[in-house]
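Notes for the structure review
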Amino acid sequence: MVVFGFSLLNPVLLSLLHIALLSSLCFAGDPTVFADLRVSYTTVSPLGIPQRVIAINGDFPGPVINVTTNNHVSVNVHNELDEELLITWPGIQMRRDAWQDGVLGTNCPIPPKWNWTYKFQVKDQIGSFFYFPSLKFQRASGGFGPFVINNREIIPIPFAQPDGDIFLMIGDWYTQNHTALRTTLDAGEDLGMPDGVLINGKGPYQYNTTLVPGGIEYSTFSVDPGKTYRIRVQNVGISTTLNFRIQNHNLLLVETEGFYTTQMNYTSFDIHAGQSYSFLLSTDQNASTDYYIVASARFVNESLWQKVTGVAILHYSNSKGPATGPLPPPPDDFYDKGASLNQARSVRQNTSASGARPNPQGSFRYGSINITDTYMLKVTPPVTINGTIRATINGISFRKPDVPFRLADKHQLRGVYKVDFPSKPMNRTPVIDRSLINATYGGFIEIVLQNNDTTVQNFHMDGYSFFVVGMDYGDWSENSRGSYNNWDAIARCTTQVFPGGWTAILVSLDNAGSWNLRAENLDRWYLGQETYLRIVNPEENGATEMAQPQNVLYCGPLGYLQKKQPHSSAASTFGYFSNLFTLILGLLIVVFTSS
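In this report, the structure presented in the accompanying data block is examined. Predicted model only: the values in this text are computed from it and were never measured.

What counts as what
- Residues take numbers from 1 onward in each chain, read along the sequence in its written order.
- Where local features are concerned, this predicted model is filtered to residues with pLDDT of at least 70; where side-chain atom pairs are given and counted, the filter is 80 or more; whole-chain, interface and lining totals use all residues.
- Heavy atoms from the whole structure form the basis of all side-chain values; hydrogens and water molecules are not counted.
- We count a stretch as a helix when DSSP gives it H or I for four or more residues in a row; a strand needs E for two or more, and each element gets its number in order from the N terminus.
- It only takes one pair of heavy atoms within 4.5 Å for two residues to be counted as in contact.
- Areas reported here follow the Shrake-Rupley algorithm with a probe of radius 1.4 Å; residue values treat only the protein chains shown as occluding.
- Buried residues of nine kinds, namely Ala, Val, Leu, Ile, Met, Phe, Trp, Tyr and Cys, make up a nonpolar core once their side-chain atoms join them within 4.5 Å.
- For every residue, the accessible area (1.4 Å probe, protein chains only) is compared with the maximum for its type, and the residue is labelled buried under 20%, exposed over 50%, or partly exposed between those bounds.
- Think of it this way: DSSP has to see at least two bridges between two strands before they count as a pair.
- Each axis is a line fitted through C-alpha atoms, taken for helices only over the stretch in contact, and angles between the N-to-C directions span 0 to 180 degrees.
- Contacts described as polar in this section are N or O atom pairs within 3.5 Å, which, within protein, must combine one atom able to donate a hydrogen with one able to accept it, while residues neighboring in sequence count only if both atoms come from side chains.

**Some details on the overall build of the protein chain**
Summing up its helical and strand segments, the protein chain has 6 helices and 35 strands in all. Intrachain contacts of the protein chain at a sequence separation of at least 6 include 78% that bridge at least 24 residues. Carbon and sulfur atoms provide 53% of the accessible area of the protein chain, an area that totals close to 24700 Å².

Pasting the structure below:
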């Protein structure tokens, strides 16, 4: 019997054909999601002035990478820029696999006209994140996009399934590109006030003819009445804290950076550089007009910074007209200086909800675990070191590495880095150095972030989520531990530290590798406000840390090991599928012949 030329008497050959068809679509075990990211320049005019931005697959911002818990992810990044590139995945914990992290301490840069494939597993994670280029201040020109990890079907989300997802990438923006901005920083100058705020790569709706010129393209988000939408909001800007709000609508907070929160309604919410949040939006208004979506600068002179406001439009399908009138007002801190801090403290973990696995998120009783080490990390305004302006942590400004640290370890290179980062501020002359924190695998550490700078500082830790247990103004002392939240503190990967204040986090060091701890304020990061935690299991036997990948790139003192790579092109992709087609065709001929 033959059906469409396939003999049902040839199960072995059909099995071979099946394998050939699927060999490029999945790895063994959990499913694999493939993505191709072509990183190139394009010209847009988000604030009415043409400028060169970094696009992903021709789009600015880049496309959503949408995966599910435990998926393997294979992302082939094509560098079509004129300078080196790395893409990093903040908040994606990459268990045991810092080789894929996409910062200089873990990966050699992808040279121009080359491509490199990141391969990692989103093991036991859910939530809202974003990817971006980590080198040379490139994020200031774009190159970012959303990254979503969905629950597996067997794990319920702690709210009714929304009627749709809406992604909003907000951030301060300059009409100068990243090369000009880093030249400004290299000259020891401050970047000054941004030229505006973008929402999904577009400028503000003309809500005011004096502040906003005509002809600027703005973002519109269309919704149906009587629905509920999950809005994933991410501050991808350089450093400005933005207050996010939607006219006449409440924002029900449900998740931040991979953890479900206790559900609370807010009329507006402060989102700091590098942070991600999920809100539920109920479209319960009468749609007499469209509504403003606003992202405005915080902790600044608001009269001077009025133009630094992003405005998009929420459009009901039955709307009767355009949005009009003044914008909904920002928070008034005049009588409540601690409003933003108290809002941050109100973000608590939903301890009754499951996360990525079928057990309550709050079952990890972090408050009863003994702290093994305490690190006090103090930041101050930038200082002059050896004639250049630098940013420091504990008086050390980090020198960018020439070769990834674990790669140096594997090849027994000496003198690449030190593991003498001070555990507390040192009263000494600031220095530029490559000093790492020698963290103990299996430890449970307390990190106190003390901000003696004049602006909000945001800190991120790759490879981990941490518990934000305390936050206040003033100087931290051991007595401050009495104010810690030891039960339902939110776990996340990026936290703010208010000027003249402190934030305390607890971290369980169960992920081996060299992991970046940095300022998420791009200017401070660029000027050296970072270090790495070197977390090595002394009993490493292959079970706690991945081996270096087969496609590892070499650079610096190991550059002689790097083989030449043909320039990536459509021809290589065509060749791959051509070879696959040839294989399938050959198998079909065998099937037809045997029939």
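**A look at the nonpolar core**
Soluble globular proteins: nonpolar side chains tend toward being buried together. Membership of the largest hydrophobic core comes to 143 residues, with the highest contact counts inside it found for W89, F147 and F244. Ignoring any residue separated from it by four or fewer positions in sequence, one finds W89 in contact with L37, I65, V75, M94, Q100, D101, Y118, F120, Y131 and F147. With 10 residues, the next largest nonpolar core counts Y205, I216, V294 and L327 among its residues.

**Digging into the sheet that holds strand β17 (residues 259–266)**
Pairing in this open sheet of 6 strands is mixed, and the strands run β12-β11-β14-β19-β16-β17 from one edge to the other. Either end of the sheet is taken by a strand with one partner, and the two such strands are β12 (196–199) and β17. Between one strand axis and the next, the sheet turns through 25° on average, direction left out of account.

**So, the pairing of strand β30 (residues 466–473)**
Counting buried positions along β30 yields 6 of 8 residues, so the element is predominantly enclosed. Here 2 bridges tie β30 to strand β31 (residues 491–492), and the two strands are oriented antiparallel to one another. Bridging across to β31, F466 finds its partner in R492. Both β30 and strand β33 (residues 501–508) contribute to a ladder of 6 bridges, which runs antiparallel. In the sheet register, M471 faces β33, and the bridge partner there is T503.

**Considerations on the sheet that holds strand β5 (residues 65–68)**
Read from one edge to the other, the open sheet built from 4 strands follows the order β5-β10-β9-β7, with strand pairing classed as mixed. Of all the strands in the sheet, the pair left with one neighbour each is β5 and β7 (87–88). Judged from the 2 bridges that link them, β7 and strand β9 (residues 127–133) form a sheet pairing that is antiparallel. Bridging from a neighbouring strand, I87 pairs with P133 of β9.

**Some words on unusual backbone geometry**
Negative phi is the rule for most residues except glycine; trans is the rule for most peptide bonds. With omega at -5°, the peptide bond leading from F60 into P61 counts as cis. With phi around 55°, N57 is a residue other than glycine that occupies positive phi space.

**Details of the side chain of D453**
Considering the arrangement of structural elements, one finds D453 in the loop between β28 (444–451) and β29 (457–461). Here D453 falls in the buried class, since its relative accessible area comes to 4%. A distance of 2.9 Å separates the side chain of D453 from the side chain of R524, its partner in a polar contact. Not counting residues up to four positions away in its chain, the partners in contact with D453 are V379, T380, P381, P382, P499, G500 and R524.

**A word on the pairing of β9**
Summarising burial for β9: 7 of the 7 residues are buried, a large majority. What you see with β9 is no split at all: G127, F129, Y131 and P133 on one side and S128, F130 and F132 on the other are buried throughout. One ladder, built from 5 bridges, connects β9 with strand β10 (residues 145–150); its direction is antiparallel. Looking across to β10, one finds that S128 is bridged to V148.

From the geometry alone we can't say anything about function, so treat these as descriptive.
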